[in-house]
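Observations on chain architecture
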Amino acid sequence: MKIIVGFGNPGSQYNFTRHNFGFLALDFYAKLAKIDWQSKAKFFAEVARDDEHDLLLVKPQTFYNDVGRSVRAVINFYKPNISDLLIVCDDFNLDFGKLRYRERGSAGGNNGLKSTIRELGNEDFPRLRLGTGNEPVRKQIGDVDFVLSKFTPAEREQLPRVLTEFVKFIVKY
């Protein structure tokens, strides 16, 4: 079984914000796969199981900067090979709509990855970064407000294409 963890913040006020791109991607996949989310307190998360592709989707409910607790709880329970874990997070250093996969690496300033690295004790886990970069908006409002900002109308128009690319990646993963 592959475990796909999407990063985000719980609460409807964070819907369609850049920091919730991981949640948005998993929600899109779950809708297409016709699978439902269930709250799992032992994982501090909502989870959805796709038996057809042998996937467990995980949306931590611990807030972004503490998602590592949820990742650790899931890993401790299922004990997968690390190559069967995939972290999905936003990255404002990537142009909007770009996807970048790495088998391992540093946090690169991403607080969710920092939390996960701290909880797992290493950086050796796969991650898929979803580009949210929009330099003019980021310079205007600063990094903290930028990651919590909603996608622009032009970006929202591109979301179906980006999310479809994400689904294609996940099905092959």
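This section reports on the structure supplied with the text. Quick caveat, the model's predicted, so the values are computed rather than measured. (Residues numbered from 1 in each chain as written. Predicted model: local features only at pLDDT ≥ 70, side-chain atom pairs only at ≥ 80, totals over all residues. Heavy atoms only, no water.)

**Some points on the sheet that holds strand β3 (residues 45-50)**
- The strand order across the open sheet formed by seven strands is β2-β3-β4-β1-β5-β7-β6, and the pairing between neighbours is mixed. Strands at the two margins of the open sheet, each flanked by one partner only, are β2 (38-40) and β6 (99-102). The average undirected angle you get between the axes of adjacent strands in this sheet is 30°.
- Here β3 pairs with strand β4 (residues 55-60) via six bridges, running antiparallel. What sits directly across from Ala45, in β4, is Pro60.
- In the packing of helix α2 (residues 67-78) onto the sheet, contacts are made with β1 (2-6), β3, β4 and β5 (85-95), and the angle to β4 comes to roughly 150°. (Pairing = 2+ DSSP bridges. Helix = DSSP H or I, 4+ residues; strand = E, 2+ residues; numbered from the N terminus. Axes fitted to C-alpha atoms, helices over the stretch in contact; angles between N-to-C directions. Contact = heavy atoms within 4.5 Å.)

**Describing the packing of helix α1 (residues 21-33) against helix α6 (residues 153-172)**
- The contact between α1 and α6 brings their axes to 10 Å, and the two run at 70°. With respect to each other, α1 and α6 are oriented roughly perpendicular. Contacts between α1 and α6 pair Phe21, Leu24, Ala25, Leu26, Phe28, Tyr29 and Leu32 from the former with Leu159, Val162, Leu163, Thr164, Phe166, Val167, Ile170 and Val171 from the latter.
- The residue makeup of the contact of α1 with α6, split by class, is 14 nonpolar, one polar and no charged. (Parallel < 35°, antiparallel > 145°, perpendicular 65-115°, else oblique. Nonpolar A, V, L, I, M, F, W, Y, C, P; charged D, E, K, R; others polar.)

**Some thoughts on the packing of aromatic side chains**
- Under the defined criterion, the tally for this structure stands at twelve aromatic pairs.
- Between Phe92 and Phe146, the aromatic rings sit 6.2 Å apart at their centres with planes inclined by 70°, giving edge-to-face as the arrangement. Residue Phe92 is located in strand β5, and its partner Phe146 is located in helix α5 (residues 143-147); the two are separated by 54 residues in the primary sequence.
- For Phe146, a relative accessible area of 0% puts it in the buried group.
- On the numbers, 5.5 Å between centres and 45° between planes, the contact of Tyr101 with Phe169 is tilted. Within this pair, whereas Tyr101 is found in strand β6, its partner Phe169 is found in helix α6, the two being separated by 68 residues in sequence.
- Judged by its relative accessible area of 24%, Phe169 falls in the partly exposed class.
- The rings of Phe21, Phe96 and Phe151 are connected pair by pair, giving a single aromatic cluster.
- It is Arg69 that lies over the ring of Phe44; its NZ or CZ is 4.5 Å from the centre. (Phe/Tyr/Trp six-rings, centres within 6.5 Å; stacked < 30°, edge-to-face > 60°. Buried < 20%, exposed > 50% of the residue type's maximum accessible area, 1.4 Å probe, protein only. Lys NZ or Arg CZ within 6 Å of the ring centre and 35° of its normal.)

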